[in-house]
Amino acid sequence: MTEWENYRTQTAYNDALIKKLFAFQFANSYASLFYIAFLRGSNRQVFRNVGLEGLEDDCGMLNNCISELSIQLLVVMLLKPLPKFCKDVVYPFVKRFVDKTCLTRDQEDPETTPLMTRFILHEKRKPDLGNFTLEEYNEKVIQYGYQMLFAACFPLGPLLFFITLWVDKWIDAKRLLWMYRRPVAWIAQDIGPWYTILELINAVAVLTNACLIAFSAQYGRERPLVEQLIILIVFEESYKVEKEKAKKKKTT
């Protein structure tokens, strides 16, 4: 789709591609979590109104969806990096092992081939890294959203995010230095639309966590609607005040 839009510059093309990719990943990654947080515990009446009483979906006898949301977040944050690990580490290792054992005819004789030639051919056989920057930014932003959007129900999210980043840093360093062909470095003025996307996640996270506390958690679920709205407004206004303070610090 982005190719058909025929942008005049590579920067405009990259910006459009990033926005489309993040919009798809946002819906694909967070839809089930938003459903558990805000819709699963209060959809019984909706199914009854449309005549589908057998399809009611709730969160058990206590109808406590926060605990289920916490478990879902834990599972997602632990298992989400596994496909990337298999793709980036396991697959190249297996491929290199197969090449060494099965494709012996293409290997050079160490006694007759110069060291520099063997080194160049070895680097040439390495797989291409692809669009490394786009993939890494997208992965890190999605992980950041997991621990920001639902921080009120899963306080261990930042710790898991830190551990994931530490492991991923080691994996990416090994990929860049040893396992893949080194990519060509391009100078960029900034991180592009990713900064706006991070700001958007921060703003949505304030609203999401306020709604979790006011409408889904046991603390606010049993309160009157007026008190729930007050909790929501307090969170929203506090975010606006802190954002204005940050802007003033930047200008001064």
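Residues numbered from 1 in each chain as written. Predicted model: local features only at pLDDT ≥ 70, side-chain atom pairs only at ≥ 80, totals over all residues. Heavy atoms only, no water.

**A closer look at the overall build of the chain**
Then step 1. Within the chain, the regular secondary structure consists of 11 helices and zero strands.
Then step 2. Listing the helices and strands of the chain from first to last along the sequence gives α-α-α-α-α-α-α-α-α-α-α.
Then step 3. Looking at the 252 residues of the chain, the share that counts as buried comes to 29%.
Then step 4. Counting only contacts in the chain whose residues sit at least 6 apart along the sequence, the fraction spanning at least 24 positions is 72%.
Then step 5. Roughly 17,500 Å² of accessible area belongs to the chain as shown, and the carbon and sulfur atoms make up 66% of that amount. (Helix = DSSP H or I, 4+ residues; strand = E, 2+ residues; numbered from the N terminus. Buried < 20%, exposed > 50% of the residue type's maximum accessible area, 1.4 Å probe, protein only. Contact = heavy atoms within 4.5 Å. Areas by Shrake-Rupley, 256 points an atom, 1.4 Å probe, with all protein chains shown as cover.)

**Notes on the side chain of Q25**
Then step 1. Along the chain, Q25 turns up in helix 2 (residues 10–39).
Then step 2. For Q25, the residues in contact, after removing those within four places along its chain, are N138 and I142.

**Focus on the packing of aromatic side chains**
Then step 1. Counted under the stated rule, the structure contains seven aromatic pairs.
Then step 2. Residues Y30 and Y146 carry aromatic rings whose centres are separated by 5.2 Å and whose planes lie at 85 degrees to one another, so their mutual orientation is edge-to-face. Taken as a pair, Y30 in helix 2 and Y146 in helix 7 (residues 132–149) lie far apart in primary sequence, 116 residues in all.
Then step 3. Look at Y30 and you get buried, because its relative accessible area is 0%. (Phe/Tyr/Trp six-rings, centres within 6.5 Å; stacked < 30°, edge-to-face > 60°.)

**Some details on a nonpolar patch on the surface**
Then step 1. There is a patch of nonpolar side chains on the surface, built from I71, L74, V75, L78, L79 and L82 and spanning about 520 Å² of accessible area.
Then step 2. For the nonpolar patch, the element with the highest residue contribution is helix 4 (residues 65–79), accounting for five residues. (Patch = residues over 30% accessible without salt bridge, like charges linked within 9 Å, V, L, I, M, F, W, Y side chains within 5 Å. Salt bridge = Lys/Arg side-chain N within 4 Å of Asp/Glu carboxyl O.)

**Digging into helix 8 (residues 157–179)**
Then step 1. The terminal C-alpha atoms of helix 8, which comprises 23 residues, lie 30 Å apart, in line with the 33 Å expected from a rise of 1.5 Å per residue.
Then step 2. For helix 8, the set of buried residues is G157, L160, F161, T164, D168, I171, D172, R175 and M179. (Expected span 1.5 Å × (residues − 1).)

**Quick word on the confidence of the model for the chain**
Then step 1. The share of residues in the chain with pLDDT of 70 or more is 85%, and the mean pLDDT across the chain is 78.
Then step 2. No element of the chain has a lower mean pLDDT than helix 3 (residues 44–49), at 65, and none a higher one than helix 9 (residues 193–216), at 88. (pLDDT = per-residue confidence, 0-100.)

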